[in-house]
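What the coordinates show
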Amino acid sequence: MGYVNRCEVWVPNLSTKTSLMNRVSTCDLLLQRHERDPFLKRLATGDETWILYQNVHRKRTWSKDNRPSTVAKPGLHLKKVLSSIWWDWKGVVY
């Protein structure tokens, strides 16, 4: 029939042993550095996210091979707000 079954879900990335060992060694080096000079107390970080008033749930769809499986709904930009937060080791800054 020319259709392909596409499930709109996130697939986890499979890490290799080399990348996992690099992560462990980097974390170990950062912990050793923090014991010498507590740099984490001087660190401030933040995050932001768009909050939609009307969340869209993804579902399994069927589509042709050469067509995209999803199409953005018009007018979503009117129903969202940007939320930002900044914090340090003591707690929320702003």
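Residues numbered from 1 in each chain as written. Predicted model: local features only at pLDDT ≥ 70, side-chain atom pairs only at ≥ 80, totals over all residues. Heavy atoms only, no water.

Another aspect to go through is the overall build of the protein chain. Counting its regular elements, the protein chain contains 1 helix and 4 strands. Ordering the α and β elements of the protein chain from the N terminus gives β-α-β-β-β. A separation of at least 24 residues holds for 81% of the contacts in the protein chain among residues at least 6 apart in sequence. Summed over all atoms, the accessible surface of the protein chain reaches about 9,200 Å², with 59% contributed by carbon and sulfur. (Helix = DSSP H or I, 4+ residues; strand = E, 2+ residues; numbered from the N terminus. Contact = heavy atoms within 4.5 Å. Areas by Shrake-Rupley, 256 points an atom, 1.4 Å probe, with all protein chains shown as cover.)

What follows covers a nonpolar patch on the surface. Where nonpolar side chains cluster on the molecular surface, the patch consists of I85, W87 and V92 and spans about 270 Å² of accessible area. Among the structural elements, V92 can be located in the segment after β4 (80–87). (Patch = residues over 30% accessible without salt bridge, like charges linked within 9 Å, V, L, I, M, F, W, Y side chains within 5 Å. Salt bridge = Lys/Arg side-chain N within 4 Å of Asp/Glu carboxyl O.)

Let us now look at the packing of aromatic side chains. Tallied over the full model, the rule gives 0 aromatic pairs. Cation over ring: R33 sits above F39, and NZ or CZ is 4.2 Å from the ring centre. Between the NZ or CZ atom of K41 and the centre of the ring of W89, over which it lies, the distance is 4.6 Å. (Phe/Tyr/Trp six-rings, centres within 6.5 Å; stacked < 30°, edge-to-face > 60°. Lys NZ or Arg CZ within 6 Å of the ring centre and 35° of its normal.)

The exposure class assigned to V92 is exposed, which follows from its relative accessible area of 60%. In this structure, the C-alpha to C-alpha distance between V92 and G46, residues 46 residues apart in sequence, is 9.4 Å. Excluding anything up to four places from it in sequence, V92 contacts I85, W86 and W87. (Buried < 20%, exposed > 50% of the residue type's maximum accessible area, 1.4 Å probe, protein only.)

In this section: the pattern of salt bridges. By the definition in use, this model includes 1 salt bridge. With a shortest N-O distance of 3.4 Å, R42 and D37 are connected by a salt bridge. What makes R42 exposed here is its relative accessible area of 58%.

Let's shift gears to the confidence of the model for the protein chain. Taken as a whole, the protein chain shows an average pLDDT of 78; of its residues, 60% reach a score of 70 or greater. For the protein chain, the element scoring lowest by mean pLDDT is strand β1 (residues 3–6), at 61; helix α1 (residues 17–36) scores highest, at 92. (pLDDT = per-residue confidence, 0-100.)

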